[in-house]
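# Structural features, examined
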Amino acid sequence: MTGYTFAEKALARAAGVASARAGDLLDVRPDVIFSHDNTAAIRKTFLQTGAQRILHPERVCITLDHAVPAPTTDHALNHAEIRAWVAEQGIRHFFEVGRGICHQVISEEALVLPGEVIFGSDSHTPHFGWMGAFGMGVGRTEMAALWAVGELWLRVPESMRVTLTGALSPGVTTKDVSLHLIGAHGIDGGEYRSVEFAGDALDALSIDERSVLPNMMAEFGAMSAYMPPNQRVFDYLEAKRQRNYTPLYPDADAEYAEDIHIDIGSLRPVVARPHQPDNVAPAGDLYGEVVQQAFLGTCTNGKYEDLVAAARVLKGRRVSIRTLVIPSSAEALKRAAADGTLSILLEAGATIGTPGCGPCMGNHMGVPAPGEATISSANRNFKGRMGTSDASIYLANPYVVAASAITGRITDPGEFLS
Amino acid sequence: MTSSHRAWAYGDNVNTDVIFPGKYTYKVRDPKDFAAHALEDLDPSFATQARPGDVIVAGRNWGCGSSREQAVTALKYAGVVAIIAASFNGLYFRNCVNNGVLPIVCPGLRDAVATGDIIRIDQAAGEIFVGEARFTYTPPPPGVQAILDAGGLLPMLQARFRG
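Residues numbered from 1 in each chain as written. Chains lettered and ligands numbered in written order. Predicted model: local features only at pLDDT ≥ 70, side-chain atom pairs only at ≥ 80, totals over all residues. Heavy atoms only, no water.

Inspection of every chain in the model, using the stated rule, returns 13 aromatic pairs over all chains. Here Trp130(A) and Tyr236(A) contribute two aromatic rings whose centre-to-centre distance is 5.4 Å and whose plane-to-plane angle is 90°, an arrangement assigned as edge-to-face. Taken together, the positions of Trp130(A) in the loop between strand S5 (117–120) and strand S6 (134–137) and Tyr236(A) in helix H8 (residues 231–238) put the pair 106 residues apart, joining distant regions of the chain. Overall, Trp130(A) belongs to the buried group, its relative accessible area being 1%. Summarising the aromatic geometry, the rings of Phe20(B) and Phe34(B) are spaced 5.3 Å apart at their centres and angled 65° between planes, so their arrangement reads as edge-to-face. (Phe/Tyr/Trp six-rings, centres within 6.5 Å; stacked < 30°, edge-to-face > 60°. Helix = DSSP H or I, 4+ residues; strand = E, 2+ residues; numbered from the N terminus. Buried < 20%, exposed > 50% of the residue type's maximum accessible area, 1.4 Å probe, protein only.)

Let us look at the packing of helix H10 (residues 304–314) of chain A against helix H13 (residues 398–407) of chain A. Residue and element names in this part refer to chain A. Between H10 and H13, whose axes approach to 8 Å, the crossing angle comes to 35°. Two packed elements cross with a definite hand, and for H10 against H13 that hand is right-handed. Contacts from Asp-306, Ala-309, Ala-310, Arg-312, Val-313 and Leu-314 in H10 reach Pro-398, Tyr-399, Ala-402, Ala-403 and Ile-406 in H13. Of the residues contributing to the contact of H10 with H13, the split by class is nine nonpolar, no polar and two charged. (Axes fitted to C-alpha atoms, helices over the stretch in contact; angles between N-to-C directions. Left-handed = near helix turned anticlockwise from the far one by under 90°. Contact = heavy atoms within 4.5 Å. Nonpolar A, V, L, I, M, F, W, Y, C, P; charged D, E, K, R; others polar.)

Averaged over every residue, the pLDDT of chain B is 93; residues scoring 70 or more account for 99%. Scored by ipTM, the complex comes to 0.90, with pTM at 0.96. (pLDDT = per-residue confidence, 0-100.)

Residue and element names in this part refer to chain A. Structurally, the position occupied by Gln-89 is in helix H3 (residues 73–89). For Gln-89, a relative accessible area of 2% gives the class buried. Side-chain polar atoms of Gln-89 contact the backbone nitrogen of Ile-54, separated by 2.8 Å. Ignoring any residue separated from it by four or fewer positions in sequence, one finds Gln-89 in contact with Gln-52, Arg-53, Ile-54 and Pro-57. (Polar contact = N/O pair within 3.5 Å; in protein donor to acceptor, adjacent residues only side chain to side chain.)

Attention now moves to the interface of chain A and chain B. Between chain A and chain B, the contact holds 49 residues from the first and 41 residues from the second. Together, the buried faces of chain A and chain B total about 3,700 Å²; carbon and sulfur atoms form 51% of this surface. When the buried area of chain A at its contact with chain B is split by residue, Arg140(A), Trp153(A) and Tyr192(A) rank highest and sum to 17% of it. Scanning the region where chain A abuts chain B turns up three salt bridges. For Asp17(B), the salt bridge identified is with Arg385(A), shortest N-O distance 3.7 Å. At the boundary of chain A with chain B, the tally comes to 12 residue pairs in polar contact (both at pLDDT 80 or more). Where the side of chain A that touches chain B is concerned, the elements lending two or more residues are helix H2 (39–49), H3, S6, helix H5 (140–149) and strand S7 (152–155) of chain A. Among the elements that take part in the side of chain A that touches chain B, H5(A) stands out by supplying six residues, more than any other. Class assignment for the residues of the side of chain A that touches chain B results in 15 nonpolar, 21 polar and 13 charged. (Buried area = accessible area lost by both parts, 1.4 Å probe. Salt bridge = Lys/Arg side-chain N within 4 Å of Asp/Glu carboxyl O.)

What follows is about the sheet that holds S5(A). Residues and elements named next belong to chain A. The strand order across the open sheet formed by five strands is S4-S3-S2-S5-S6, and the pairing between neighbours is parallel. Looking at which strands have only one partner, the edges of the open sheet turn out to be strand S4 (93–95) and S6. Between one strand and the next, the sheet's axes are offset by a mean angle of 15°, whatever the strand orientation. Pairing of S5 with S6 involves four bridges; the strand directions are parallel. Residue Ile-118 lies in a different strand from S6, and its bridge partner there is Gly-135. Sheet strands in contact with H5 are strand S2 (32–35), strand S3 (60–63) and S5, and its direction is about 135° off that of S2. (Pairing = 2+ DSSP bridges.)

What follows deals with the nonpolar core. In terms of nonpolar packing, the biggest core is built from 66 residues, with Phe119(A), Phe134(A), Ile84(B), Leu109(B), Ile119(B) and Ile128(B) touching the most fellow members. In terms of nonpolar packing, the next biggest core, distinct from the first, is built from 63 residues, Val172(A), Leu181(A), Leu205(A) and Val270(A) among them. (Core = buried A, V, L, I, M, F, W, Y, C linked by side-chain atoms within 4.5 Å.)

Our focus in this paragraph is the side chain of Ser329(A). Residue and element names in this part refer to chain A. With respect to the element layout, Ser-329 can be found in the loop between strand S15 (322–326) and helix H11 (330–338). Among the polar contacts made by the side chain of Ser-329, one reaches the main-chain amide nitrogen of Glu-331 at a distance of 3.3 Å. A polar contact of 3.1 Å, which involves the side chain of Ser-329, links it to the backbone nitrogen of Ala-332. Not counting residues within four places of it along the chain, the set of residues in contact with Ser-329 comprises Arg-99, Gly-100, Gln-104, Glu-108 and Pro-355.

Structure representation (structure tokens):
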């Protein structure tokens, strides 16, 4: 009898059963559920079910982040419907325009905790693996069902283990670790699976660095992702948490469908070229590729430390292309303003947008023209992602984005960091 | 008992941004209008020529990317009743089930089918026929089949709340 993976333990707990194995179908009752600008559409489906009240409004979080501030009357109408619904249903965890991106805000507010299960109507919900929570994206109909009955069917995923050893070199971040993994194993390398990270390299990572890895596992096809929580994680959550929790760790003899090892000390800054996140090449090999826009932001790499990373490259220098900085939360923006990071970015010629998703999925605030290329710290570069199918998106870490903003070409940040 | 379907054949890693572009997610709000943009950035002929009963036959990782459910409902309202792929993105697979669109995992089929071919599906037996060639798949487990039989998660909930 082998031990249990994190996914098996977390889902058994949330389903109220003694144990579960990969392949089991469970009715899982998540501790937290959340939605964003898609809340109004979920409401329409919810009302069609015949239910009238959300079963557990205290478990619901709603963040306006996908198109903020409202760029059109349609978006404004969408937001207005959501605010009315929040008031009607008595939803306390509601975050207005400018507070930030759902994953970042829910993390900062400690609304979900290690060992818990969180479902969001957003594909990057594996994000919450940074704290050792089981996060999974769901569809809008599923979210309506969760509002109505508080539970959802789920097939317990197989797990794969990714062991990280070594220490990152200057200019290399957990974004490069993610892109390297996706590039080496394909965008379906983690399909249907829980990706469970392990290894001594994790101890050195900050909170901002940690969350990039599980967030990016959405681009690996993963259902969820996990990092073992440590004291740094517990300390981060301590000030705001509103309940006790029990962190969960996989058993040493848990069964993994695949075992991957990466020496992160050997990695260089990389870039995912158009039009897939697994189309990965060293940044230094792509200097011939010209970009017209740089975008630093999103739930993946719009955090405080990402702004600091960009500022290290841009200090005393000027960007040569239009450069958008959109912090992932108001907290990140405040910290960057307080310690001078923001001034460095502005002095360098960058412009700042309202915390939120920005142009990531082509809604507003920095969408490219046909024929243009963007170097972006986002997570997804599919054709048409930023609004027009004739634009190219290159994905990279914040150092690469900043260095490329200076040169107007895909640039390894090395020469700007010495 | 088999049913016949006209196939639309596509490749690997077809993502939700090309199945239903993100720029429409807050612009087009009536599900009936989703179909007009289905597969817009991959195959512009699909939206105008798809008809009820058609199926998609695809390679690996169909539906990767965003959680947007319109990437299923756009195809559903265009007439698609089943999607047969070598593999699916997990979230997309769930969105299929929850909207009553049958997802079938059948790795060998893609190379045997071209757009316009007629294929026959025997759901009870888990078999697909292309001319004389026969392919097998594992039918969904009972819990998932029950959602499909109800027509999706919403009709199932309606039965529960409205009795």
